[in-house]
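Below, each chain spelled out in residue letters.
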Amino acid sequence: MRAKTIPCVVGGLAALCFGGGATPGLADPVYFDTGIRIPVPPSSDNTNGTPGPLTGALTSYDIMWFDGNTQLVYLADRSNASVDVFSAKTNSFVGRIGGLNHEFVGQNPPPPAPPVTAMSGPDGLVISNLPGQHNIYVGDGNSQLKSYNLDSGVVLNPALVAGARLPFVTTGSAATDRRVDEMAFDPVHNRVLAANNAPTNGIPFATLINTTGNANTIVTKITFDGTNADGHNAPNAGGANGGAEQSVFDPTTGKFYLNLVALNNTGPGAVVRIDPLTGNVEKVYDLAALGLGANGVCGPAGLAVDAAGKLLVGCGSATPTGSIFLDPAANGGNGSIKTIPQVSGEDMVWYDPVIKLFFLAARNDLSGPKLGIVDDSGNWLQNLVTSPGAHSVAVDPVSHEAFVPFGGAGPGGVVNSQCALGCIAVFDVVPEPSTLLLLGAGLLGFGSFAWRRRA
């Protein structure tokens, strides 16, 4: 791993450079809060499609994604009815898709009423980086999957970010099936798997979409209703608090994995393996059967996969169980789990394949909102304090900076003292000891020189 320089000051050198509460003596990299807060400017239209003045803060948002082609970070911003774009190179806001031109539903109902996230958008998003297919796919609150080519010169928002509309996909009824939420992209077979996690009938489903040639056509729908009638269905993940959550594509197996909050409305939940060509649910990894027990609590939400095909399952519920490291290939393909009790309550999980670390946006952690860091053997390394409601994270595999949205107001409408209008917090790797020694020596030398000058 490359050495890094950090903005330390003499008085705060020890506190800032040694991880802000990280466990000492760890062999793996640990992180610190840089104190950088990238402001999120309000759009001039964040009132649910009605043009109006600047009306306030980033308070309702969802998934964040990193684009490896451009080192840009994308955030689904429901408050501003837009996808906000930030530069990981300069740690700055660079623009947005939507906002002024009513591309997305936005916060529904409009402010000042509390948002109903199941009907608001944008929500989930993912980026494809194939030749001729540098696209972003975005789930909206009206059961539409919207996609844009990021290399096009067609301008959606004149003063901001370019992006040409590709064919939209309607996955269901806006009135009953509501938002398209989290999703994953399969670059091998050119497929997107997108979940409608909050239909009014309590039975979530996923839509498998063929994106070859930017056609964006539906292959099949996978309904998690327990019937298994046509090979496309799986056990029920329904109920008012149930749902289908984050999914990933695993290049090791060539399969999708997707989180189900519950099975048949009971138990701690499951991860299912899905064939990307047919949509068949090939395997159900029931967390109860794997060791949590029928009365176990998890509610799988966040999900990420490492280079060896092992999964970090973020439990959405705040529970002493913590988080779960799942090896689907263990026990003859029946899977095995390892619990990670030090961090829990995640919505989104990210994996950096270069430094081989998982990042867990744990808004419901038992000790308060945290950014958890776990290695790819399932060993907990560190928790860092975030902000009430902080539930998304994306990591730049070049700089290894971790980006976490902080809402301008957390649950209950409490104003965020760090950034009243909302911001992106930046966390970074603590430098290697050799870098710290050089930095310390330089600071001591500078101090000695200054003392002699004063004498």
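The structure displayed is predicted, hence computed values, not measured ones.

Overall, the coordinates contain 1 cavity of 30 Å³ or more when judged by the stated rule. Computed from the structure, the largest cavity encloses a volume of approximately 40 Å³. What lines the largest cavity is simply Ile63, Trp65, Gly124, Leu125, Glu182, Met183, Gln246 and Ser247. Going through the elements one at a time, β2 (61-67) and β15 (244-250) are the ones with two or more residues in the lining of the largest cavity.

In this section: the layout of surface pockets. For the largest pocket, the calculated volume is near 810 Å³. In terms of lining, the largest pocket is formed by 27 residues, of which the most central are Trp65, Phe249, Trp350, Tyr351 and Pro353. Elements with a contribution of two residues or more to the lining of the largest pocket: β2, β6 (125-130), β11 (183-186), β15, β19 (300-305) and β23 (348-352). Looking at the lining of the largest pocket element by element, the count peaks at 5 residues for β15. Grouping the constituent residues of the lining of the largest pocket by class yields 20 nonpolar, 4 polar and 3 charged.

Okay, the packing of aromatic side chains next. The geometry of an aromatic ring pair is captured by two quantities: the separation of the ring centres and the angle between the planes. Scanning all chains against the criterion turns up 10 aromatic pairs. Measuring from ring centre to ring centre gives 6.3 Å for Phe325 and Phe358, while their planes differ by 75°; the resulting arrangement is edge-to-face. Here the residue Phe325 occupies a position in strand β21 (residues 323-327), and Phe358 occupies one in strand β24 (residues 357-362), the gap between them amounting to 33 residues. Judged by relative accessible area, Phe358 falls into the buried class, the value being 0%. Against the face of Tyr285 rests Lys283, its NZ or CZ located 5.9 Å from the ring centre.

A few words now on the pairing of strand β25 (residues 370-375). Regular strands have side chains that alternate between both faces of the sheet. Where burial is concerned, most of β25 is hidden: 6 out of the 6 residues are buried. With burial as the criterion, each face of β25 is covered, one bearing Lys370, Gly372 and Val374 and the other bearing Leu371, Ile373 and Asp375. Here β24 pairs with β25 via 6 bridges, running antiparallel. Within β25, the residue paired with Phe359 across the bridge is Ile373. As judged from the 5 bridges shared by β25 and strand β26 (residues 380-385), these two strands associate in the antiparallel manner. Residue pairing for β26: Lys370 is matched across the bridge by Val385. The antiparallel hairpin formed by β25 and β26 contains 4 residues in its connecting segment, where Gly378 sits at a positive phi of about 85°.

Criteria and thresholds
- Residues numbered from 1 in each chain as written.
- Predicted model: local features only at pLDDT ≥ 70, side-chain atom pairs only at ≥ 80, totals over all residues.
- Heavy atoms only, no water.
- 1 Å grid on protein atoms, 1.4 Å probe; cavity = no way out; pocket = protein on both sides within 12 Å on 5 of 7 lines; lining within 4 Å.
- Points joined across faces, edges and corners; volume = space filled by probe spheres on them.
- Helix = DSSP H or I, 4+ residues; strand = E, 2+ residues; numbered from the N terminus.
- Nonpolar A, V, L, I, M, F, W, Y, C, P; charged D, E, K, R; others polar.
- Phe/Tyr/Trp six-rings, centres within 6.5 Å; stacked < 30°, edge-to-face > 60°.
- Buried < 20%, exposed > 50% of the residue type's maximum accessible area, 1.4 Å probe, protein only.
- Lys NZ or Arg CZ within 6 Å of the ring centre and 35° of its normal.
- Pairing = 2+ DSSP bridges.

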